[in-house]
Amino acid sequence: MSTRVGVAGATGALGQEIISVLDRVQWRPETLLAYARASTSITHVDYGDERVPVDVTSEIDPEGDELDLLFTALPSEPARLAIDRAEQAGAFVVDLSGARAADAPLIVPWINPERLADDALVWQIPQASATLVASLLGPLARAGIRGPATIQLLVPASVSGRAAIEELSQQVLALFNSAPPPRKVFPTGLAFDLIPAWGNPTEEGPTVHEQRTVEQVGLLLGALEMGPIEVMAVQVPIFSGLSASVTLHPTTRVPAELASRILSDGGVVVSESAAAAQWPRPRKVEGAPFAHVARIRTTDNGALQLWATMDNLRTTAMAAAATAQALFRRRSASDG
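Residues numbered from 1 in each chain as written. Predicted model: local features only at pLDDT ≥ 70, side-chain atom pairs only at ≥ 80, totals over all residues. Heavy atoms only, no water.

A. Highlighting a nonpolar patch on the surface. A contiguous nonpolar patch, built from Leu175, Phe176 and Phe192 and spanning about 360 Å² of accessible area, is present on the exposed surface. When you line up the elements, Phe176 lands in helix α4 (residues 162-176). On the basis of relative accessibility, which here comes to 63%, the residue Phe176 falls in the exposed class. (Patch = residues over 30% accessible without salt bridge, like charges linked within 9 Å, V, L, I, M, F, W, Y side chains within 5 Å. Areas by Shrake-Rupley, 256 points an atom, 1.4 Å probe, with all protein chains shown as cover. Salt bridge = Lys/Arg side-chain N within 4 Å of Asp/Glu carboxyl O. Helix = DSSP H or I, 4+ residues; strand = E, 2+ residues; numbered from the N terminus. Buried < 20%, exposed > 50% of the residue type's maximum accessible area, 1.4 Å probe, protein only.)

B. Representation of the packing of helix α3 (residues 128-142) against helix α5 (residues 208-221) in the model. Contact geometry for α3 and α5: axes closest at 9 Å, N-to-C directions at 50 degrees. In terms of their interaxial angle, α3 and α5 are classed as oblique. The handedness of the crossing between α3 and α5 comes out as right-handed. Contacts between α3 and α5 involve Ser129, Ala130, Thr131, Val133, Ala134, Leu137 and Gly138 from the first element and Thr213, Gln216, Val217, Leu220 and Leu221 from the second. (Axes fitted to C-alpha atoms, helices over the stretch in contact; angles between N-to-C directions. Parallel < 35°, antiparallel > 145°, perpendicular 65-115°, else oblique. Left-handed = near helix turned anticlockwise from the far one by under 90°. Contact = heavy atoms within 4.5 Å.)

C. Region of interest: the packing of aromatic side chains. In this structure the tally under the stated criterion is four aromatic pairs. Taking 5.6 Å as the distance between ring centres and 65 degrees as the angle between the ring planes, the aromatic pair formed by Trp27 and Phe328 counts as edge-to-face. Linking Trp27 in the loop between α1 (13-22) and β2 (31-36) with Phe328 in helix α7 (residues 312-335), this pair joins segments that are 301 residues apart in sequence. Each of the two residues, Trp27 as well as Phe328, counts as buried. An angle of 85 degrees between the planes, with centres 4.9 Å apart, marks the rings of Trp110 and Phe290 as edge-to-face. Here Trp110 is found in the loop between β6 (92-95) and β7 (122-124), whereas its partner Phe290 is found in the loop between β11 (269-270) and β12 (292-298), with 180 residues between them in sequence. Phe290 sits in the partly exposed class, given a relative accessible area of 29%. The structure contains a cluster of three or more aromatic residues connected by ring pairs, namely Trp27, Phe92 and Phe328. When the ring centre of Tyr47 is taken as origin, the NZ or CZ atom of Arg28, which lies over that ring, is 4.0 Å away. (Phe/Tyr/Trp six-rings, centres within 6.5 Å; stacked < 30°, edge-to-face > 60°. Lys NZ or Arg CZ within 6 Å of the ring centre and 35° of its normal.)

D. Spotlight on the sheet that holds strand β4 (residues 50-56). Taken in spatial order, the seven strands of this open sheet run β3-β4-β2-β1-β5-β6-β7, and their pairing is mixed. Both edges of this open sheet fall to β3 (44-47) and β7, since each of them pairs with a single strand only. Taking each pair of neighbouring strands and ignoring which way they run, the sheet shows an average axis angle of 25 degrees. (Pairing = 2+ DSSP bridges.)

E. Molecular detail of the environment of Ser58. When you line up the elements, Ser58 lands in the loop between β4 and β5 (69-72). Remark: the alpha-carbon pair of Ser58 and Ala38, spanning 20 residues in sequence, is separated by 8.2 Å.

F. Molecular detail of the pattern of salt bridges. Counted by the stated rule, this structure contains nine salt bridges. Among the salt bridges present, the one from Glu77 reaches Arg80, with a minimum N-O distance of 3.2 Å. Here Glu77 pairs with Arg80, and both are found in helix α2 (residues 76-88), just three residues apart, close to one helical turn. The exposure class of Glu77 is exposed, given its relative accessible area of 53%. By relative accessible area, which is 35% here, Arg80 ends up partly exposed. Through salt bridges that share partners, Asp84, Glu87, Arg100 and Asp103 make up one connected network.

Structure, rendered in structure tokens:
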């Protein structure tokens, strides 16, 4: 498949993860173009054996660059112009910025592949927390296991980008050396501590990120009848890897063994080990896509509890790449 693909935000944590995934997929793009905001100090990115120059995002010209598809891994505001230009040029866009949340189909190909039948140029990948929660609740709901769910998310620094990862590292070093830590991304600090809320709470109580997680889970799972979902997200001092403690209150008692089999059949990686050291955790699943679960149990009051972990960067990049592949296949079939 001969393709020309652009990555806007190529020097960020998620952008570089997308490039890493594209370098390994079976349909590997023939040509990669990299873009970043003018503030970046990185002039080139690696793509296989190539050193690809980084151009300024504001100068993206999808028509002149003959782009077939553009990934946008930027904050929403700088992403809007690039998305509009790509759409006008007839190029596909896989948006990871949330800039087109109001009208672009929300897609994770292994969760809601039926949406790929939609006729759209711009597609939206959800935030990683929604992908993780939908990966868990979706297979259970399809098997008739539904009810109110409470999700406790442990959110890493990488959800806020490369600058957040670098600041956490600098905070650790500064505190070890009794020096003032930088506090631009995390004004109250994060190293050796935690932040009780991921983002600022709204008047209703949940933060915008927590609300968005619930909304996007609903969009991903579509017509499935779900119970109410409550999400509390805490930012923790790790660089990458999203984790969750899930408590589901189904209408009927569900044996842990049955829940484990349903999740495994639904594409979730279920730990079979009884040893805690072998259970999934952020460092252990680094570089692996999809949700990993352990500690599946049914409590005395009938609640179903489990622990889940996912490499938020790799899984999000995989969802983006899988969406692009599906779009190219559809266009190829249409042209043929």
